[in-house]
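# Fold and geometry: a report
Take a look at the letters that make up each chain.
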Amino acid sequence: MSRIDTLPPLSEVIATHGLAARKSLGQNFILDLNLTARIARLAGDLTECDVLEIGPGPGGLTRGLLAEGARRVLAIEKDARCMPALQEISDAMPGRLQVINADALDLDPLQYLAPPIRVVANLPYNVGTELLIRWLTPKDWPPFWQSLTLMFQREVAERIIAQPGSKAYGRLALLSQWRATPRIVLGLPPEAFTPPPKVSSAVVHFEALSEPRFPADPKILERVVARAFNQRRKMLRAALKGSAPDIEDRLIAAGIKPTDRAETVGLEQFCALARRMPGGSEGG
């Protein structure tokens, strides 16, 4: 029996350390260790990888990652209440778990991890999208991570895999599919969590591509896409007005009709537009 199997049940850990989930921190805990182990397996072979986990809470997924053979886990937890519970896991698995009490938005994980690196997390709802955008839009590519296996609200997961023409299609879909291959690998009902959220959730697995599907500057692409979908009911010539003095010409050069709306335009066309925007490789 592994030393991690001798740890107390998560419900007992939560009671002992007073870890009632806080809505202000976007916390919803998974207490079923069979389920957390399943999520860890969805990340692939972890035996030769360092793993970054954000928001481990009482450590259910952390236990799963270690049990599934992760070489080493870096767990970043903002809630100081969780540190004693996570320390118990670290003590049971010497040298394989490092826990840092910090805001993941403020910390550079590369100071602590060695490649290959996989990210596996039941992301706090209130920072999940921002972290994902950061991981998808670094200046240099390939990124520090090989894959991301992340829990989101089901609605967010559907937006990540959406295709042009659908209501869910937008910024998240474009940025996710530009440099990675995302797919939903597991759905979870509200009752899988404590406390149960009001919505269903889903695990999305992203495999990083060696190169983006189409060339574009990440910051320019992110800016164009954000502006286009911020006013998605408008024609693109109106939504992007002010971003360049001759925006209609730039849209046409990218193969986009100025009267098109953002939800009908594909990834290749948006990348072509980004290249033709001011600061882009073809935009002057």
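These numbers come from a predicted model, not from an experiment. (Residues numbered from 1 in each chain as written. Predicted model: local features only at pLDDT ≥ 70, side-chain atom pairs only at ≥ 80, totals over all residues. Heavy atoms only, no water.)

## A word on the overall build of the protein chain
- Secondary structure assignment for the protein chain yields eleven helices and seven strands.
- Each of the three principal axes of the protein chain carries a C-alpha extent, and together these read 65 × 35 × 30 Å.
- The proportion of buried residues among the 284 residues of the protein chain is 51%.
- When contacts within the protein chain are restricted to residue pairs at least 6 apart in sequence, those whose partners lie at least 24 apart make up 69%.
- Summed over its atoms, the accessible surface of the protein chain is roughly 12,900 Å², and 50% of this surface lies on carbon and sulfur atoms. (Helix = DSSP H or I, 4+ residues; strand = E, 2+ residues; numbered from the N terminus. Buried < 20%, exposed > 50% of the residue type's maximum accessible area, 1.4 Å probe, protein only. Contact = heavy atoms within 4.5 Å. Areas by Shrake-Rupley, 256 points an atom, 1.4 Å probe, with all protein chains shown as cover.)

## A look at the nonpolar core
- Trp-135, Leu-150, Phe-206 and Phe-270 are the most contacted members of the largest nonpolar core, which totals 62 residues.
- Among residues more than four places away in sequence, those in contact with Phe-206 are Leu-132, Trp-145, Gln-146, Ser-147, Leu-148, Leu-150, Phe-152, Ile-160, Ser-176, Ala-180, Thr-181 and Pro-182.
- One finds Leu-7, Leu-61, Val-73 and Ala-75 within the second-largest nonpolar core, a separate group that totals 33 residues. (Core = buried A, V, L, I, M, F, W, Y, C linked by side-chain atoms within 4.5 Å.)

## Thoughts on the layout of surface pockets
- The space that makes up the largest pocket amounts to roughly 420 Å³.
- As for the largest pocket, its lining consists of 33 residues, of which Ile-54, Gly-55, Pro-56, Asn-122 and Pro-124 are closest to the centre.
- Only helix H2 (33-42), strand S1 (50-54), helix H3 (60-67), strand S2 (72-77) and strand S4 (117-122) provide two or more residues apiece to the lining of the largest pocket.
- Tallied by class, residues from the lining of the largest pocket come to 17 nonpolar, eleven polar and five charged. (1 Å grid on protein atoms, 1.4 Å probe; cavity = no way out; pocket = protein on both sides within 12 Å on 5 of 7 lines; lining within 4 Å. Points joined across faces, edges and corners; volume = space filled by probe spheres on them. Nonpolar A, V, L, I, M, F, W, Y, C, P; charged D, E, K, R; others polar.)

## Description of empty space enclosed by the protein
- Inspection of every chain in the model, using the stated rule, returns one cavity of 30 Å³ or more.
- Considering only enclosed or pocket space, the largest cavity measures out at about 30 Å³ in volume.
- Every residue lining the largest cavity is listed: Leu-7, Val-13, Pro-58, Arg-63, Ala-85, Glu-88 and Ile-89.
- When residues in the lining of the largest cavity are grouped by element, the largest group, three residues, is from helix H4 (residues 83-92).
- Classifying every residue of the lining of the largest cavity gives five nonpolar, no polar and two charged.

## Considerations on the packing of aromatic side chains
- According to the stated counting rule, one finds three aromatic pairs in the structure shown.
- Seen from their ring centres, Trp-141 and Trp-145 are 5.7 Å apart, and the 85° between their planes marks the pair as edge-to-face.
- With a relative accessible area of 15%, Trp-141 lands in the buried category.
- Look at Trp-145 and you get buried, because its relative accessible area is 2%.
- Pairing Phe-229 with Phe-270 gives two aromatic rings, centres 5.8 Å apart and planes at 40°, and the pair type is tilted. (Phe/Tyr/Trp six-rings, centres within 6.5 Å; stacked < 30°, edge-to-face > 60°.)

## Points about H3
- Burial runs high along H3: seven of the eight residues are buried.
- Listing the buried residues of H3 in full gives Gly-60, Leu-61, Thr-62, Arg-63, Gly-64, Leu-65 and Leu-66.
- In the stretch just after H3, Gly-69 is the one whose phi turns positive, near 100°.

## Quick look at the sheet that holds strand S7 (residues 201-208)
- Ordered by their spatial adjacency, seven strands build an open sheet running S3-S2-S1-S4-S5-S7-S6, and the pairing between neighbours is mixed. In the strand order of this sheet, the two ends are held by strand S3 (97-101) and strand S6 (180-188), each with one partner. Going from strand to strand, the sheet's axes swing by 20° on average, the running direction of each strand aside.
- In terms of strand pairing, S4 meets strand S5 (residues 147-153) through five bridges, oriented parallel. Looking across to S5, one finds that Arg-118 is bridged to Ser-147. (Pairing = 2+ DSSP bridges. Axes fitted to C-alpha atoms, helices over the stretch in contact; angles between N-to-C directions.)

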